[in-house]
Amino acid sequence: MPVIPKAAPEFVRESLPFNRRLPDYAALQPPVRPAIDILVDKVEAAYNTGQKYLKAGDPEKARAEFDRAVDLIQVSGFQVQSDPRLSKLVDEIGDATQVYEEQQAQNNTEEEEENPGIPAPIEEIADLTLPPGDPRLYTKAEQEMIAVPHDLPLTVNESVLQYLSYFSTSRGRAIVEHGLERAGRYNEMIRRTLKAEGVPQDLIYLAQAESSFLPQAVSRSGARGIWQFMPYRGREYGLERTYWIDERSDPEKATHAAAQHMKDLYAMFGDWYLVLAAYNSGPGNVTKAVERTGYADFWELQKRHALPKETQNYVPIIIALALVAKDPVLYGVQVVPEKPPAVEAVKPGHPVDLHLVADATGADLEDLRLLNPSLLRSVTPNDSQFILNLPKGTGQKFEDNIQRVPIEKWTSWRLHSVESGETLSEVARHYRVTVPAIENANHLEAHATLPAGFLLNVPTAPPVVKLVHYRVQKGDTLEGIAERFDVTVAELKRWNHISGAKAPRGARLRIYAGGEPVASHARSKSAQNGAAEGSAGTGRAAAVHNVSSAHPEKSEAVQHRVKKGETLYSIARAYGITVTALRNSNPFLADRPLEAGDVLTIQR
């Protein structure tokens, strides 16, 4: 029987060989990296590129890459502390830029000083390699040490003899003579201060070695003033440094700071030669040298070259200068000491341009700068307690004449004493203003004829607000930077697109010192009101005149009771004013720190 084939089914009822589990489509997508990881990679790449440029000897390109790395962090919105990798990178960037910044005189702001410093004399003589000293001077010095009083240990050895011989040459003698002549300006003040602080008065010769008593002396590394304080050391001993002033150049304040510093160093080392070495190279270097060699003796450390070359020469220089200064004729040095300047102090109570001060007093502009060496600009700071030194006998004249100028114009207008036959057109041409502007500023009728000696207000244009750049350094806060440049934290954040509470170390900030042109009038008026209030609430210190209190102005004042944990910065920020304005409105803050429970007057 034949087999009949079965018909093939129309479809198969068996399961197809497909996986019943649905595929993981998410796994097929490219992985999404966390934003913080992407940011860290970009910042690290910029940092590494900067390091390559730095090693290749191109610091400008290196700085551009470091700036780009910091900019990436700033615009990201991430806080530096939010990720340890980011925090570590910021520290590394800060360390990498430190050498470059030191070469740029420690701080970008110093590049734009209107009253720049002059080279420090110590740098000319500290690195000298000198021939052997004249042995004939040895006997002279030995006899001198017996005859002259001294409260700093003095000795004569080959190192000291080399510098005694150098100071007997024409060039060396000139350095000593110029220093000893200028010493006359400060000798009494310095010795009085050193004695009061309980340190040897012969330490005055350290100042001669460092600066030849030039308050404007600035070293290549950024040390400043007659005592050559570095910025960080000055801050440690209370020397204020802002866009407007640098108290390292204030002879009296810096002398107090130097005496305290040397007293602290003596407590650390117990030897004045080691104190001098530590003053020059830092206590850390001396401590390491002592630990490395086992000798706590300067001459042993010098013999073993355990200290920098400059420091090895530094102590002999000071000893040699002391010996020459105590008996200059013995070494062929002729000195006619300058006399201390006759000074009269006033408190303007408001920022004022030195050009206007010169107009009001008849003093020479350069003389005013010499009397006020801590000023970095031609304008005094916005601080009602700031003391301006004037030539003696000109204080009352300043007070009388400055009243002619509206207080808000003290930083721009000038005063002009009309000469016989001089016309308004000639005055206007000299100051580049119009005749109608002068007439309006002085309430004069058209074509008025003025007698010789008439004091005119000249409405010159206000100063241009300067854009400066500031590199954020270790320990900086936005509040501290804002106070330094007399701006608000809100302004700093707006100018630099900062969203958080801090700016990363190494960031290069754009700052309109004193405030933007558009906002400056409102801000200065607020600070001005605070200054007027502060002046009205305090008496006059002896021989210091308050000037701006003669311009009373009405302003809205509120009271604020200080809570625990609040600071001047946080309070000023809350009210939208500067710390300077807050201090001006509350003079008691000049004498003591802020305390919980204090009631502050806020001028708004």
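Predicted model only: the values in this text are computed from it and were never measured.

Here the focus is the overall build of the chain. Counting secondary structure elements, the chain contains 25 helices and eleven strands. When each of the 604 residues of the chain is scored for burial, the buried share is 50%. Approximately 30500 Å² of the chain is accessible, and the part contributed by carbon and sulfur atoms is 53%.

Moving on, we come to the pattern of salt bridges. Side chains bearing opposite charge may pair, as long as their charged atoms lie close to each other. Per the stated rule, a full pass over the model turns up 18 salt bridges. In this structure, the salt-bridge partner of Arg471 is Asp67, at a minimum N-O distance of 2.5 Å. Within this pair, whereas Arg471 is found in strand 7 (residues 467-471), its partner Asp67 is found in helix 3 (residues 59-76), the two being separated by 404 residues in sequence. One exposure class covers both Arg471 and Asp67, and it is buried. A salt bridge links Lys253 to Glu247; the nearest nitrogen and oxygen atoms lie 2.9 Å apart. Given a relative accessible area of 9%, Glu247 falls into the buried group.

Across all of its chains, the model carries twelve aromatic pairs by this definition. Aromatic side chains Tyr163 and Phe167 sit 6.1 Å apart centroid to centroid with 45° between the ring planes, which places their arrangement in the tilted category. On the basis of relative accessibility, which here comes to 2%, the residue Tyr163 falls in the buried class. The exposure class assigned to Phe167 is buried, which follows from its relative accessible area of 1%. On the numbers, 5.7 Å between centres and 70° between planes, the contact of Tyr470 with Phe485 is edge-to-face. In this pair, Tyr470 sits in strand 7 while Phe485 sits in the loop between helix 21 (478-484) and helix 22 (489-496), placing the two residues 15 residues apart along the sequence. Each member of the pair Tyr470 and Phe485 is classed as buried. An aromatic cluster is defined as three or more aromatic residues linked by ring pairs; in this entry it consists of Tyr243, Trp244, Tyr470 and Phe485. Above the face of the Tyr243 ring, Arg377 is positioned so that its terminal group lies 3.7 Å from the ring centre.

Our next topic: the packing of helix 11 (residues 251-269) against helix 12 (residues 272-281). At a closest axis distance of 9 Å, the pairing of helix 11 and helix 12 adopts a crossing angle of 125°. Here helix 12 runs oblique to helix 11, going by the angle between their axes. Judged by the sense of rotation from one axis to the other, the crossing of helix 11 with helix 12 is right-handed. Only Trp272, Leu274, Val275, Ala278 and Tyr279 of helix 12 make contact with helix 11, whose side of the interface consists of Ala258, His261, Met262, Leu265, Tyr266 and Phe269. In the contact of helix 11 with helix 12, the residues fall into ten nonpolar, one polar and no charged.

A word on helix 7 (residues 158-166). Of all nine residues in helix 7, eight are buried; the element is thus mostly enclosed. Within helix 7, the full set of buried residues consists of Ser159, Val160, Leu161, Gln162, Tyr163, Leu164, Ser165 and Tyr166. As for helix 7, its buried residues are in contact with helix 5 (122-125), helix 6 (135-147), helix 8 (170-197), helix 14 (298-303) and helix 15 (309-326). At the N-terminal end of helix 7, a side-chain oxygen is found 3.2 Å from the backbone nitrogen of Ser159, two or three residues along, and the residue is Asn157.

The set of residues buried in helix 22 consists of Val489, Glu491, Leu492, Trp495 and Asn496. Seen from one end, helix 22 has its buried residues packed into an arc of 160°, which puts them on one side. Following helix 22 by one or two positions, His497 has its phi on the positive side, about 55°.

Further remarks concern the confidence of the model for the chain. Residues of the chain with pLDDT of at least 70 account for 82%, and the chain-wide mean is 83. Of all secondary-structure elements in the chain, the lowest mean pLDDT belongs to helix 23 (residues 517-536), at 40, while strand 4 (residues 388-391) reaches the highest, 98. Contacts for the low-pLDDT stretch residues 101-112, under 50 throughout, to residues beyond four places or in other chains number 33 contacts. Taken together, the stretch residues 550-555 has pLDDT below 50 and engages in 16 contacts with residues farther than four places along the chain or on a different chain.

Positive phi, normally seen in glycine, also occurs at Ser212, with a value near 55°. Summarising the element assignment, Ser212 is placed in the loop between helix 9 (204-211) and strand 2 (217-218). The phi dihedral of Arg432 falls on the positive side, at around 60°, and the residue is not glycine. Mapped onto the elements of the fold, Arg432 is located in the loop between helix 19 (424-431) and helix 20 (435-441). Among the residues examined, Arg432 registers a relative accessible area of 80% and is labelled exposed.

Right, let's talk about the packing of helix 8 against helix 9 for a bit. One can describe the packing of helix 8 onto helix 9 by two numbers: an axis separation of 9 Å at closest approach and a directional angle of 140°. Judged by the angle between their axes, helix 8 and helix 9 are oblique. As helix 8 runs across helix 9, the sense of the crossing is right-handed. Within the contact between the two elements, helix 8 uses Val176, Gly179, Leu180, Asn187, Ile190, Arg191 and Leu194 and helix 9 uses Ile204, Tyr205 and Gln208.

Once that is clear, we can look at the environment of Pro406. Following the sequence through the fold, Pro406 ends up in the loop between helix 18 (395-402) and strand 5 (414-417). Spatially, the C-alpha atom of Pro406 lies 9.4 Å from that of Asn457, the residues being 51 residues apart in sequence. With near-sequence residues (within four places) excluded, Pro406 lies in contact with Trp413 and Asn457.

Next up on the list: the nonpolar core. Membership of the largest hydrophobic core comes to 75 residues, with the highest contact counts inside it found for Leu164, Phe167, Trp227 and Leu323. Counting residues per element, this core draws most heavily on helix 15, which supplies eleven residues.

What follows covers the environment of Asn584. Inspection of the secondary structure assignment puts Asn584 in helix 25 (residues 579-585). On the accessibility criterion, Asn584 (1% relative accessible area) is buried.

Let us now look at the side chain of Asp353. Within the secondary structure, Asp353 sits in the loop between strand 3 (343-347) and helix 16 (354-361). At 6.4 Å, Arg414 is the nearest oppositely charged side chain to Asp353, a buried residue that forms no salt bridge. Excluding its chain neighbours within four sequence positions, the residues that come into contact with Asp353 are Ser378, Val379, Trp410 and Thr411.

With that settled, consider the environment of Ala277. Along the chain, Ala277 turns up in helix 12. With relative accessibility at 0%, the residue Ala277 sits in the buried group. Aside from chain neighbours lying at most four places away, what touches Ala277 is Gly282, Val286, Phe298, Leu307, Thr311 and Val315.

Rules behind the numbers
- Residues numbered from 1 in each chain as written.
- Predicted model: local features only at pLDDT ≥ 70, side-chain atom pairs only at ≥ 80, totals over all residues.
- Heavy atoms only, no water.
- Helix = DSSP H or I, 4+ residues; strand = E, 2+ residues; numbered from the N terminus.
- Buried < 20%, exposed > 50% of the residue type's maximum accessible area, 1.4 Å probe, protein only.
- Areas by Shrake-Rupley, 256 points an atom, 1.4 Å probe, with all protein chains shown as cover.
- Salt bridge = Lys/Arg side-chain N within 4 Å of Asp/Glu carboxyl O.
- Phe/Tyr/Trp six-rings, centres within 6.5 Å; stacked < 30°, edge-to-face > 60°.
- Lys NZ or Arg CZ within 6 Å of the ring centre and 35° of its normal.
- Axes fitted to C-alpha atoms, helices over the stretch in contact; angles between N-to-C directions.
- Parallel < 35°, antiparallel > 145°, perpendicular 65-115°, else oblique.
- Left-handed = near helix turned anticlockwise from the far one by under 90°.
- Contact = heavy atoms within 4.5 Å.
- Nonpolar A, V, L, I, M, F, W, Y, C, P; charged D, E, K, R; others polar.
- Polar contact = N/O pair within 3.5 Å; in protein donor to acceptor, adjacent residues only side chain to side chain.
- Arc of directions from axis to C-beta.
- pLDDT = per-residue confidence, 0-100.
- Core = buried A, V, L, I, M, F, W, Y, C linked by side-chain atoms within 4.5 Å.
- Lys, Arg positive; Asp, Glu negative; His and termini not counted.

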